Amino acid sequence: MSEEHNEDLNPEEHPQDHLNDNLEQPELEPTQDDVLTKVTGMYKDWFLDYASYVILERAVPAIEDGFKPVQRRIMHSMKDLDDGRYNKVANIVGHTMQYHPHGDASIGDAMVQVGQKDLLIDMQGNWGNILTGDRAAASRYIEARLSKFALEVLFNPKITDWQLSYDGRRKEPINLPVRFPLLLAQGAEGIAVGLSTRILPHNFIELIDASIKHLQGKRFKIYPDFQTGGEADISNYNDGLRGGKVRVRAKISQQDKNTLLISEIPYGTTTTTLIDSILKANDKGKIKIKKIEDNTAANVEILVHLPPNISPDKTIDALYAFTRCEESISPLSCIIINNRPEFIGVSEILRRSTDHTVSLLKSDLEIKLDELESQWHYASLERIFIENRIYRDIEEEETWEGVIQAIDKGLKPHTAHLKRAVTEEDIVRLTEIRIKRISKFDIDKAQQKIDALEDQIEEVKHHLDHLVEFAINYFANLKKDYGKDKDRKTELKAFEDIEATKVVIRNTKLYVNRAEGFIGTSLKRDEYVTDCSDIDDIICFTEDGTMMVTKVDSKTFIGKNIIHVAVFKKKDKRTIYNMIYRDAKSRNTYMKRFAVTSMTRDREYNMGSDKKNTKVFYFSANPNGEAEVVTVYLRQVGQVKKLKFEVDFSDMAIKGRGVKGNIVTKHPVKRIELKEEGVSTLKPRRIWFDDTVQRLNVDDRGDLLGEFKAEDRLLIITQGGIVKTIKPELTTRFDGDMIVLEKWQPKKPISIVYWDGEREKFYVKRFLIENEDKEELVVTEHPKTYLEIVSTDYLPVIELEYTKKPGKDRKPNESVKLEEFISLKGITALGNQLTSEKVNTITLLEPEPYEIPEPIKAEEHEVIDDEEIHTTGTNDAPDNLDSKNKYDQPSLFDDED
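For clarity, every value in this text was computed on a predicted model and none was experimentally measured.

**Here's the deal with the overall build of the chain**
- A tally of helices and strands in the chain yields 20 helices and 47 strands.
- For the chain, the C-alpha radius of gyration of 43 Å lies well beyond 29 Å, the compact-globule estimate for 897 residues.
- For the chain, the C-alpha atoms occupy an extent of roughly 160 × 130 × 50 Å along the three principal directions.
- Looking at the chain as a whole, 44% of its 897 residues are labelled buried.
- The long-range fraction of contacts in the chain, counting pairs at least 24 apart against all pairs at least 6 apart in sequence, stands at 67%.

**So, the packing of aromatic side chains**
- Throughout the structure, instances matching the rule amount to 22 aromatic pairs.
- For the ring pair W755 and F762, a centre distance of 4.9 Å and an interplane angle of 70° mean the geometry is edge-to-face.
- Taking the relative accessible area as the measure of exposure, W755 reaches 22% and is therefore partly exposed.
- Cluster of aromatic residues (ring-pair linked, three or more members): F149, F180, F204 and Y482.

**Overview of the pairing of strand 38 (residues 722-726)**
- With four bridges joining them, strand 37 (residues 714-718) and strand 38 adopt antiparallel strand pairing. Note that in strand 38 the partner of L715 across the bridge is T725.
- The antiparallel hairpin formed by strand 37 and strand 38 contains three residues in its connecting segment, where G721 sits at a positive phi of about 90°.

**Some words on the nonpolar core**
- One finds M75, L120 and L154 to be the most contacted residues of the largest nonpolar core, which totals 93 residues.
- Here this core gets 15 residues from one element, more than from any other, and that element is helix 11 (residues 346-387).
- Not counting chain neighbours up to four residues away, the residues in contact with M75 comprise F67, V114, L120, I121, L146, L154, F155 and L176.
- I278, A281, V304 and C325 belong to the second-largest nonpolar core, a separate cluster that totals 22 residues.

**Some points on the confidence of the model for the chain**
- Summarising the model, the chain shows a mean pLDDT of 86, and 90% of its residues fall at 70 or more.
- Predicted confidence for residues 1-28 stays below pLDDT 50, and this span has seven contacts to residues more than four positions away or in other chains.
- Low pLDDT, under 50, characterises residues 858-897; the stretch is placed with 68 contacts to residues that sit more than four places away or in other chains.

**Some details on the packing of helix 11 against helix 13 (residues 424-431)**
- Where helix 11 meets helix 13, the closest approach of the two axes is 11 Å, and the angle between their N-to-C directions is 55°. When the axes of helix 11 and helix 13 are compared, the pair comes out oblique. Remark: the crossing between helix 11 and helix 13 carries right-handed chirality. For the pair helix 11 and helix 13, the contacting residues are H377, Y378, L381, E382 and F385 in the first and D426, R429 and L430 in the second.
- Of the residues that constitute the contact of helix 11 with helix 13, the class distribution is four nonpolar, one polar and three charged.

**A look at the sheet that holds strand 33 (residues 669-680)**
- Spatially, the three strands line up as an open sheet ordered 30-29-33, and their pairing is antiparallel. Here the strands that pair on one side only, and so sit at the sheet edges, are strand 30 (644-648) and strand 33. Each adjacent strand pair in this sheet contributes to an overall mean axis angle of 20°, direction not counted.

**Section: the sheet that holds strand 19 (residues 518-520)**
- Spatially, the four strands line up as an open sheet ordered 20-18-19-23, and their pairing is antiparallel. Pairing within the sheet leaves two strands with one partner each, and these edge strands are strand 20 (527-532) and strand 23 (556-557).
- In the sheet, strand 18 (residues 508-513) pairs with strand 20 via five bridges, with the strands oriented antiparallel. Counted as the bridge partner of Y511 is Y528 from strand 20.

**What about the environment of L705?**
- With respect to the helices and strands, the residue L705 is situated in strand 36 (residues 703-708).
- Its relative accessible area of 16% is what places L705 among the buried residues.
- Residues L705 and L741, spaced 36 residues apart in sequence, show a C-alpha to C-alpha distance of 8.0 Å.
- Residues contacting L705, with those up to four places away along its chain left out, are I687, W688, F689, L696, L714, L741 and K743.

**What about the environment of G520?**
- In this fold, G520 is placed in strand 19.
- Between the C-alpha atoms of G520 and A471, which are 49 residues apart in sequence, the distance is 71 Å.
- The residues touching G520, leaving out its near neighbours within four places in the chain, are K509, L510, Y511, D553, S554 and K555.

**Observations concerning the pattern of salt bridges**
- Across all of its chains, the model carries 51 salt bridges by this definition.
- A salt bridge links E527 to R514; the shortest N-O distance between them is 2.9 Å. In this pair, E527 is assigned in strand 20 and R514 in the loop between strand 18 and strand 19, connecting sequence segments 13 residues apart.
- D712 is paired through a salt bridge with K743; the nearest N and O atoms lie 3.5 Å apart. Placement of the pair is D712 in the loop between strand 36 and strand 37 and K743 in strand 39 (residues 738-743), with a sequence separation of 31 residues.
- Take K743: its relative accessible area is 27%, and that puts it in the partly exposed class.
- When salt bridges with common partners are traced through the structure, they connect R247, R249, D317, E326, E496, D497, R695 and R733 into a single cluster.

Definitions and cut-offs
The numbers attached to residues start from 1 for each chain and follow its sequence in the written order. Local features in this predicted model are restricted to residues whose pLDDT is 70 or higher, and side-chain atom pairs enter the listing and the counts only when it is 80 or higher, whereas totals over whole chains, interfaces and linings include all residues. Hydrogens are left out, water is left out, and the side-chain values use all remaining heavy atoms of the structure. Here a strand is any run of E in DSSP of at least two residues, a helix any run of H or I of at least four, and the numbering for each starts at the N terminus. Computation of the radius of gyration draws on C-alpha atoms, with the globule rule given as 2.2 Å multiplied by the number of residues to the power 0.38. Categorising residues by exposure relies on relative accessible area from a 1.4 Å probe, with only protein chains included: less than 20% of the type maximum marks a residue as buried, more than 50% marks it as exposed, and the intermediate range marks it as partly exposed. Any two residues having at least one pair of non-hydrogen atoms within 4.5 Å are treated as being in contact. A pair of aromatic rings is counted whenever rings of Phe, Tyr or Trp (Trp by its six-membered ring) have centres within 6.5 Å, and the orientation is called stacked for planes under 30 degrees apart, edge-to-face for over 60 and tilted otherwise. In this description, strands pair whenever DSSP reports at least two bridges between them. As used in this record, nonpolar core signifies buried Ala, Val, Leu, Ile, Met, Phe, Trp, Tyr and Cys residues forming a set joined through side-chain atoms within 4.5 Å. The quantity known as pLDDT measures the predictor's confidence residue by residue, on a range of 0 to 100. Under this scheme, a helix contributes an axis fitted over its contacting stretch, all axes are lines through C-alpha atoms, and angles between N-to-C directions fall in the 0 to 180 degree range. Angular relationships are summarised with four words: roughly parallel below 35 degrees, roughly antiparallel beyond 145, roughly perpendicular across 65 to 115, and oblique for the angles in between. By convention, the crossing between two helices is left-handed when the near helix turns anticlockwise from the far helix through less than a right angle, and right-handed when the turn is clockwise. Residues were grouped as follows: Ala, Val, Leu, Ile, Met, Phe, Trp, Tyr, Cys and Pro as nonpolar; Asp, Glu, Lys and Arg as charged; and all remaining residues, including Gly, as polar. Any Lys or Arg side-chain nitrogen located within 4 Å of an Asp or Glu carboxyl oxygen qualifies as a salt bridge.

Pasting the structure below:
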């Protein structure tokens, strides 16, 4: 650049030249040298080109072989280098760079990912750990070669279509001839421009079985299976399409009352990320743990130690609710078909892959048939040429054309049985036979070779004629040869929904200032109410009959003169509120019993007709619908004679919160006092056990266990001989070896027959549970001891089938009434020996009839939902269902005249 230009561009040296820079300049007309270019069209073309490149050449796998381009090039390079020995991964990466237009890092990472799936690559060295998340060693330290499975199903140059590599120096496969649904076995993830794909991995054996079913014309279903194991809920899998969801969980068991064991982790997590999420949840107060030990090596082993008095069942649920012990995966099955991305389900992918495999097998057979027929043709020509000494016909020929014609003439009388015409190429090949071979030619061996070729040709033709059967056998052989140790690792089961509010640890304290009307966790100088969590809802009632439900916060204004504060449980029909209040409009005193099952948060609800002048005289919250007796004191106004009387809440029906209630009195009330604590008036709670999710519920799902009062318990007996009773809490988790789960009746005996491993005899015992809070082992601790029969019938009967002794008749079967055989003993007693004879089987028969005494039923009340109340009347209407309500008292207090 010239000095003049330098000066013009420097405003500091020539300020006078830039004084007018900020002034408006006249608009200049474009000259012929100026070219106006619109960027939109160029941007549009470039963006589409770039997006297409990323989608087709980098991120999304092809349906033909299930590979992304980098994976395909790695496999092709490994085949190029394959000599049966291991190669340094660095060498393989370098060789792949001849085909792949990107750097060594992307190739190395892709190769490690393929290797960690343990299907196509035989690895040696530190390839990382999918459980802990540890990275693989540098590529110069680890080695690899193709697995036997990869060598069998991935390659066949004769049926492979080729293209030039990116620089035009080499040829690479457009697609590998993969004869297996590899895409579904390995899974795939990729993010492109405006597009992504996530195909989950599936089980090797199940894919083969599904392919066989498809070839047989049968229906099939395939579901994900993950290397990390764990549990998966595939009820909303949606065949892997957009909108589907798979929930995966860690496998957590209770090692002892203060220790949880995580033995398998969810797909997409590692032990490191899992432990970090648990520690974060602990720091936030969602769960309480004492410490975590990570003993993971070949298998996952994470020990979670709990503080004393922390429920293991609730902690397991809390781990699923607040940590990465449960993950939600959204599959998105997108693949490349005919150079276009398409969204199809995994079932359709398997069908197309299986059909593609059949077409590849057909091509293999056709090529093999052509090769065998060529071998048969040349072997037949060779036999004719030597057996008929046609080679002597060329001795007098002096030209090459004469030699060809002489051989052709000599062959013609003998070629009628050949399957195709003799070509000049065939004749030239005959002239290349050496004299040594002619001299040692054995006609019998030649014929045997031809016969063997004919047998092989017939076999190949049979396979072509029965192509589907051949493909089925092919898949069956793959399963037989490579299906070992490829059983399903992820357990499929339905998950129950976990409500966070039910399992969260109470990590803060709630306080109330009743007079001023504030509640919150920061009011530490005021009245303490209860422990709560920061996600709880709080229900409050004030003296003017206002109810509000609000979320826990540091400080919230509810309304002055708060009379009740508690943690609110949604859909809780068993907490019943008893209330006596003065109505603002009629000035009468009413009483009502109601449950609060639903509401809108932070909205005020009036329990009376109007907030103004409504006054609550008496209020109680009863977790099991208790109905107390209260004493009502009236004011001395006028000529009221009876100033005191009793009210029993058990005489009232439980209805919705919006009803007005029954009249207690029309006279002014002075005060109301509690006279007598009440008992529950609710029906016992009906509890079901859902075997699908192994959880209790009150929603009519599964098997009905019975009706439970507050003091009732469940009886559990496991296959290992553990007997215990527990309270029927809906958060309880149950072990897989549970063989008895029923409502416990304390006076009902338990009968068991067990094999004593030390004495090698069958023993019988009958007992009652002596300590309901203690877990008891009711068989001996010998490792060979096992439970044979468990019965909770009153009068059980068993049948013994004896073993036949040599040379003697078999002893006839014997029925044994256990109630007559042995009396009730202590739970730790050994019991009585059942028999000294050898027994084949012990069968539990129908029990003897027993008449159970009918329990005396107390008067019961049903809870009526708010929805039912709203359909029968308005909130303003008083409850006049009983026209002779004993609390409608005006006649008692009227003057005699």
